[in-house]
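Working through the structure, step by step
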Amino acid sequence: MTDTTRILLVAPTGRGKTVAGKRIVSTAYDDGWTPVHFSDVKNDFQSISYAGGASKQMIETMGLIDGEEPHRVPRKLFQPKFLVDDYRNGKPSYIEQFTLGFEDITKSDLMFLLDFNSEPQEQVFDNLLGDLSIEDENFISLKSKLDDVEIEYTNNLKGPIKRTLNSLENSKILASNLRKNPFNYIECWECHDCDEFVWKEDKGEHELNNHDLEEKRAVISLSLKHYDNYTYGDEEKFQFYVAVLMRNFIKEIRRGNIEGPFILYGDEFHEVAGRDTGNLVKKYFQKILDIAGRQADIATILSTQRPSKLPYPQSSDPYDFVGDTTHMFIGEGLNPVDWRKAVNSTNLYGQGDKEKWRKKINDLNQYEFLYVNPEKHDDVEDCPVVKFYSPLVRHTG
Ligand SMILES: [Zn+2]
């Protein structure tokens, strides 16, 4: 694994994509990489604790491989409040609820979230923001500043602007307080006296008692469970969280607050950074790719069941998250449109080989993946079929 490692996992749901992803991530963790998950749509990182990412039952069935006994991995799953509210039986204990605050966003973020449908309203509010420091503001302060605006023609705009502010406040996407910075939790310790993981805020207590603390790195995950309640016109709500978290990740690296190497994970990536979606996530993900190797070692692993919906080379989208793939894993049961788009981006999909590719991919069994490495493989015959029960990936990176 290097800072230019770009892994793409493509398979329909239920064909071993999650096991494969967790396998790669936990192997990388053991090798010193810090995993950050930017779209954990099924709370997969909750069970990252076992080496190999396989379930306990699977490890028992397969038999443990030497040196691969399950070991605990410290992890924190952060979930936006508006998605937490969608658990029918309450929030699971492993979820940390959080809301982005005014200190996390920019003025243009706020304008984006408010999404005024009238230009005069937008103009008045934009003027109001003027040279305010957004991190010092909150909903109450903005409403009171709006009351103070004293230009006659604005009076009939104040009501609608306030209603737009109220509706954003009620959506729970942005809060005046309640803030948590997920990246503060990468640094953690294992207390060998208490047999538990300890985060910065509780470290002092263990130190006071002279406990044996071992430095660790935690796995950080943005839980997007229930994102699919928002895929019909409200995508920007969860995409906004992914984008802001990506931006804050870049900020934290530049400030020297966090240090690589990192392996970034994006699941169902076509839903957060798809070809047809807005540019917010795409913009910051591209920035992350741009700083990879220069400011921090950053490998990426993208997972999707619809690679044809990602920005790929020659698509009308100005971005491309497929073309630089160094390790591609193609699962069984994909729509031909999708595996063709993925394979085509590697330049290995020659005119005379189409039938060979089709046959090889159609012959895959459940949980099998065709492994394509454009640097090592010259054509489809070179590409091996792999399974993720055994540590194959360790030898391919
Ligand atoms: Zn302790």
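Residues numbered from 1 in each chain as written. Predicted model: local features only at pLDDT ≥ 70, side-chain atom pairs only at ≥ 80, totals over all residues. Heavy atoms only, no water.

**Digging into the domain arrangement of the protein chain**
Defined as follows: An automatic or database domain assignment supplies the residue ranges for each domain. In what follows, a contact means two residues having at least one pair of non-hydrogen atoms within 4.5 Å. Joining two parts hides part of their accessible area as seen by a 1.4 Å probe, and the buried area is that hidden amount summed over both.
The domains assigned to the protein chain are domain 1 (6–99 + 218–396), domain 2 (106–175) and domain 3 (186–216). On the domain 3 side, the residues contacting the 12 residues of domain 1 number seven residues. Buried area between domain 1 and domain 3, both sides added, is near 790 Å², and the carbon and sulfur share of it is 69%. The largest share of the area that domain 1 buries against domain 3 comes from Arg-72, Pro-74 and Ala-218, three residues that together contribute 58% of it.

**Quick look at the nonpolar core**
Here is the rule we go by: Buried Ala, Val, Leu, Ile, Met, Phe, Trp, Tyr and Cys residues form a nonpolar core when they are joined through side-chain atoms within 4.5 Å. Throughout this description, buried means an accessible area under 20% of the type-specific maximum (1.4 Å probe, protein chains only), exposed means over 50%, and partly exposed covers the range between.
The biggest cluster of nonpolar side chains holds 90 residues, and the ones touching the most others in it are Leu-110, Phe-125, Phe-249, Ile-298, Ile-330 and Trp-357. Here Phe-249 is in contact with Val-36, Phe-38, Phe-183, Ile-258, Phe-262, Leu-264, Ile-288 and Ile-298, once residues within four sequence places are set aside. Grouped together as the second largest cluster of nonpolar side chains are 26 residues, Ile-24, Phe-45, Leu-77 and Val-219 included.

**Observations concerning the pattern of salt bridges**
Heads up, the rule is: One side-chain nitrogen of Lys or Arg within 4 Å of one carboxyl oxygen of Asp or Glu is enough to make a salt bridge. Put simply, DSSP H or I for four residues or longer makes a helix, DSSP E for two residues or longer makes a strand, and each gets a number counted from the N terminus.
Tallied over the entire structure, the rule returns 21 salt bridges. Between Arg-72 and Asp-195 there is a salt bridge whose closest N-O contact spans 2.9 Å. Of this pair, Arg-72 sits in the loop between α2 (56–62) and β3 (75–80) while Asp-195 sits in the loop between β7 (187–191) and β8 (196–199); the two residues are 123 residues apart in sequence, bridging distant segments of the chain. Its relative accessible area of 42% is what places Arg-72 among the partly exposed residues. The shortest N-O distance in the salt bridge between Asp-363 and Lys-359 comes to 2.8 Å.

**Section: a positive patch on the surface**
We apply this condition: Patch rule: a residue counts if its relative accessible area is over 30% and it has no salt bridge; like charges are joined within 9 Å, and nonpolar side chains (Val, Leu, Ile, Met, Phe, Trp, Tyr) within 5 Å. For the area figures, the Shrake-Rupley method with a 1.4 Å probe applies, and any residue is considered shielded solely by the protein chains shown. Charge counting follows a simple rule: Lys and Arg are positive, Asp and Glu are negative, and His as well as the terminal groups are ignored. Taken as the charge location is NZ of Lys, CZ of Arg, CG of Asp or CD of Glu.
Taken together, the side chains of Arg-254, Lys-283, Lys-287 and Arg-294 present a region of like positive charge at the surface. Position of Lys-283 relative to the elements: it lies in helix α11 (residues 280–291).

**Details of a negative patch on the surface**
Together, Asp-115, Glu-119, Glu-122, Asp-126 and Glu-236 line one region of the surface with negative charge. Element by element, the count of residues in the negative patch is highest for helix α5 (residues 119–129), at three residues. On the secondary structure map, Glu-119 appears in helix α5.

**Observations regarding the confidence of the model for the protein chain**
A low pLDDT means the predicted coordinates there should not be read in detail. Here is the rule: Note: pLDDT gives the predictor's confidence per residue, expressed from 0 to 100.
The share of residues in the protein chain with pLDDT of 70 or more is 91%, and the mean pLDDT across the chain is 88. Within the protein chain, helix α14 (residues 393–396) has the poorest average pLDDT of any element, 40, and strand β11 (residues 262–266) the best, 97. Counting contacts from residues 61–67, a segment whose pLDDT is below 50, to residues more than four positions away or on other chains yields seven contacts. Counting contacts from residues 390–397, a segment whose pLDDT is below 50, to residues more than four positions away or on other chains yields 17 contacts.

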